[in-house]
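Breakdown of the fold
For reference, the chains in residue letters:
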Amino acid sequence: MNPLSVPAICITAVSFYVGFYHLFLYGRRQSKNRVDLTFAISCFTMALYDLFSVMSYNSSSIEQGFFWQKAQISTLSLIGIAFSWFIDDYLNVKSHKVRNIFTAYFSIATIFIFFDRTGLSWRINHPNIKHIQFPFSLQMTYYEVETGPFITSLSVMGLLVFVYVFFRGVQECRAGRKDRAIPLFLTTFFFCAGYFNDSLVLFNVYSFIYIIEFGYMGIVLLMADSLLKTVVESADLKEKFEESEKKYRDLVDQSLVGIFIVQGDQFVFSNKRLAEIFECNLQDLDNQIFTSLLSPDQIALLFGKMEKWNEEVGRTELTARTKNNKEIKLEVLASRILYNGSPAIQGSVLDITVKKEAEEKLRETAIALERSNIELKQFVSVTSHELQEPLRSVASFIQLLKQKYYEKLDSDANLYIEYAVRGVNRLHDLINDFLMYSRITNQAIRMEPVDSASVLDSVIYELEPLIHKSKAKITYNSLPIVRADKEALTHVFRYLIDNAIKYQKSEQPLIDIDTERLDKEWQFSIQDNGIGIDSQHFNRIFEIFKRLHRRDQYSGTGIGLALCKKLIELHGGRIWVESAEDKGSCFNFTIPVQDESIELWTTQ
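What comes next concerns the included structure. In this text the structure is predicted, and so the values were computed from the model without any measurement. (Residues numbered from 1 in each chain as written. Predicted model: local features only at pLDDT ≥ 70, side-chain atom pairs only at ≥ 80, totals over all residues. Heavy atoms only, no water.)

1. A short note on the sheet that holds strand 12 (residues 521-527)
Read from one edge of the open sheet, 5 strands run 9-11-12-14-13, paired in mixed fashion. Each having just a single partner strand, strand 9 (473-476) and strand 13 (575-579) make up the two edges of the open sheet. This sheet shows a mean twist of 20° between the axes of neighbouring strands, independent of strand direction. Looking at chain direction, strand 12 and strand 14 (residues 585-592) are connected through 7 bridges and run antiparallel. Across the sheet, residue Q527 finds its bridge partner in strand 14, namely C586. (Pairing = 2+ DSSP bridges. Helix = DSSP H or I, 4+ residues; strand = E, 2+ residues; numbered from the N terminus. Axes fitted to C-alpha atoms, helices over the stretch in contact; angles between N-to-C directions.)

Right, dumping it as C-alpha cells:
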C-alpha cells in the first residue's frame with residue numbers, strides 16, 4: 001500500500017464517523033429540520049471521494065487508475081448536490097432555485113460521465129501518468145487519463161457551489177449572524193485551496209499530490225463543529241421553550257375563562273376551565289367534536305359570524321350543552337389564526353348562564369316594579385282625590401256645627417271644635433302637598449336652557465304679598481342660563497325663599513342669592529339671617545314629613561325641602577345646608593353644566 005494512502009484512509013474514516021453520528025441524531029430527534037440528514041449525506045459523499053482517492057493512489061495500471069478516476073469525478077458531482085442541499089437547510093433558506101439548478105446539473109453530469117463515449121469527458125487513449133518524488137526516497141505514481149472539456153465545466157460548477165456558499169456567508173454576516181458566516185467563509189477557503197492546487201497539478205504546472213480530500217476533511221470537521229454548537233444552542237432554546245410553554249400552560253389552566261383553539265371541527269387545544277364549563281375531562285374535550293356541543297341553529301349563528309371574523313376579535317353569544325346535557329349560555333371571543341401552518345380559530349369562553357338568569361330575573365323584577373310603580377301612582381292619585389271628598393264633608397259639617405251651636409256649647413266643646421277644624425285643615429294640606437310631591441317627582445324632567453334670573457323674578461313676583469307683609473329684602477347679582485327643567489327650578493326657588501322668610505326672628509328678613517361656576521357645575525347659594533339650624537339636623541330636614549318645630553310656631557307639612565332635594569337630584573345635582581343656631585342659614589344646590597356653549601347671562 002502506498003504510504004500516502006494512510007492519511008486518506010484516516011480522512012475517510014473520520015468522514016464516515018461524522019456522517020453516521022449526524023444520521024443517528026437525525027433519527028433520534030424526529031425533527032422536521034433535516035439539516036443533520038443532508039450533512040450526513042454530504043459527509044458520506046466526501047468519505048467516498050477520499051476512499052476512491054485511496055484506491056487511485058494504489059492503482060497499478062492505466063485501466064485501474066481510470067476506473068477510480070471516473071469514480072472520484074462522479075463523487076464530486078454527488079458532493080455538489082448534497083452540499084448545496086445542506087447549506088440551504090443549515091441556513092434555513094426559503095428559496096431553493098440555486099440549489100435546484102445545481103441538483104439538476106450534477107445529476108445529469110453524473111450519468112453523462114459514466115456513459116460518455118464522445119471524448120467530451122475522457123480521452124481514454126491519452127494516458128496522464130505522473131511520477132512524484134518525495135523525501136526519504138518515497139515516490140508516488142498516478143495512473144490517470146486526460147480529461148475533456150465537460151470535466152472542466154464540472155470543476156467550474158463545483159467551484160460555483162462554494163462561491164454560492166461564500167455568498168450565503170456574506171448575507172449571514174450582513175444580517176449580524178457572524179457565528180454562522182465564519183464557518184461558511186472557512187469552508188470556501190478549504191475548498192478553494194485544494195481546488196487550485198489540484199487544478200495546477202492536473203495541468204502539469206508542477207508535480208505535487210492532490211489535496212482536495214484534505215480540504216474536504218477540513219470542511220467536514222468545521223461544519224460538524226458548527227452544527228454541534230447549533231445543536232447545543234437548539235437544546236438550550238428547546239429547554240427554554242419547554243419551560244416557557246409549561247408556564248404558559250399553567251397560566252392558561254389557572255385562567256377563569258375557558259381558552260380553546262379549534263381546527264376544522266375539533267378542539268386541538270383547551271384549558272381546564274373550558275373542561276369545567278362543559279362538565280367533562282380535559283382529555284375528552286380535546287377529542288370532542290366542537291359542533292356536537294351546539295344546536296344546529298347555534299352552529300349556523302356561529303359560522304355566520306365567523307365569516308366576518310379576521311385577525312380581529314369577534315364576539316358572539318351561544319347556547320350550548322354540557323356532557324351532562326345541561327343547557328348553558330356562553331360568551332365567545334374569537335379570531336382567526338394560523339395554528340401549525342393551518343387555519344384555525346382561537347378564542348375564550350365565559351360561562352354567562354348565571355348572568356343571563358340574573359338579567360332575566362332583573363328584567364322580570366323591573367317589569368313588575370314598573371307595573372307596581374304605575375299602580376302606586378294610580379293609587380296615590382285616586383286615594384288623594386277620594387280623600388278630598390269626605391274631608392270636605394267633615395270640614396263643612398264642623399263649620400256648620402261651629403256656626404249653629406257655638407253659643408250653645410261650653411268652652412271645652414268649642415275648643416274641641418277648633419282642634420277638629422285645625423286637624424281637618426292640616427290633613428287637607430298634607431293630602432295636597434303629598435299629591436303635589438308625587439306628581440312633580442314622578443313626571444319626566446324636561447331639560448332645556450333656562451334663564452335662572454327670569455325664573456327668580458317670576459318667583460319673587462309670585463311671593464310679593466308675603467315679601468311685602470314681612471318687609472323682606474332680596475338681593476342677587478348675576479345668574480346664569482342653565483340646562484334644567486323650568487318648573488322644577490321654579491319650585492326649588494319658591495320653597496327656599498319661602499322658608500327663608502318664614503323661619504325668621506323678629507327682625508327684617510334679609511335674603512342674598514349668589515352663584516358660582518365650579519369645575520363642571522353651577523352652585524346656587526341662598527343666604528338668610530333667620531333662626532338657623534343645629535348641625536345635627538342637617539340631614540333630617542331633607543326627609544319627607546320631618547319637622548324641627550311645633551306647628552303652632554311655624555306652619556308647613558315638612559314636604560318642601562324633601563321635594564327640593566328630589567328635584568335637584570333628578571337634575572344630577574346636590575343640595576345641602578350650612579348653618580348655626582341664631583346665625584342664619586345658607587342653602588346650596590348645584591346643577592351640572594351640560595352645555596359648554598351656554599354663556600353667563602347677568603340680571604341686576
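2. Quick notes on the packing of aromatic side chains
Enumeration according to the criterion identifies 21 aromatic pairs in this entry. Taken together, the ring pairs connect F39, F83, F86, Y90, F162 and F191 into an aromatic cluster. The ring centre of Y90 lies 4.8 Å from the NZ or CZ of R180, which sits over that ring. The positively charged end of R517 is found above the aromatic ring belonging to W522, 5.6 Å away from the centroid. (Phe/Tyr/Trp six-rings, centres within 6.5 Å; stacked < 30°, edge-to-face > 60°. Lys NZ or Arg CZ within 6 Å of the ring centre and 35° of its normal.)

3. Observations regarding the sheet that holds strand 5 (residues 314-321)
Strands sit in the order 4-3-7-6-5 across an open sheet of 5 strands; the sheet is antiparallel. Taken across any chain shown, the strands that pair with only one partner, and hence form the sheet edges, are strand 4 (266-270) and strand 5. Pairs of neighbouring strands in the sheet enclose a mean axial angle of 35°, with direction left out of account.

4. Remarks on the packing of helix 15 (residues 486-502) against helix 16 (residues 560-570)
Running from N to C, helix 15 and helix 16 cross one another at 145°; their axes reach a closest spacing of 9 Å. Pair helix 15 / helix 16 crosses with left-handed handedness. For the pair formed by helix 15 and helix 16, the contact residues are A488, H491, V492, Y495, L496 and N499 on the first element and G560, L561, L563, C564, L567 and I568 on the second. Partitioned by chemical class, the residues of the contact of helix 15 with helix 16 number 9 nonpolar, 3 polar and no charged. (Left-handed = near helix turned anticlockwise from the far one by under 90°. Contact = heavy atoms within 4.5 Å. Nonpolar A, V, L, I, M, F, W, Y, C, P; charged D, E, K, R; others polar.)

5. Considerations on the pairing of strand 13
Burial along strand 13 is one-sided: I575, V577 and S579 are buried, while W576 and E578, pointing the other way, are not. From the end of strand 13 to the start of strand 14, which pair antiparallel, there are 5 residues, and D582 there has a positive phi angle of about 65°. (Buried < 20%, exposed > 50% of the residue type's maximum accessible area, 1.4 Å probe, protein only.)

6. Remarks on the pairing of strand 9
Taking every second residue as pointing to the same face, the buried face of strand 9 carries I474 and Y476, while none of K473 and T475 on the other face is buried. Where strand 9 and strand 11 (residues 510-517) come together, 4 bridges link them in parallel fashion. The residue bridging K473 from the neighbouring strand is L510, located in strand 11.

7. Looking at the environment of R574
For R574, the position within the fold is in the loop between helix 16 and strand 13. Judged by relative accessible area, which is 43%, R574 ranks as partly exposed. Contact partners of R574, with chain neighbours within four places excluded, come to E521, I568, N588, F589 and T590. For R574, the side chain forms a polar contact with the side chain of E521, separated by 2.7 Å. (Polar contact = N/O pair within 3.5 Å; in protein donor to acceptor, adjacent residues only side chain to side chain.)

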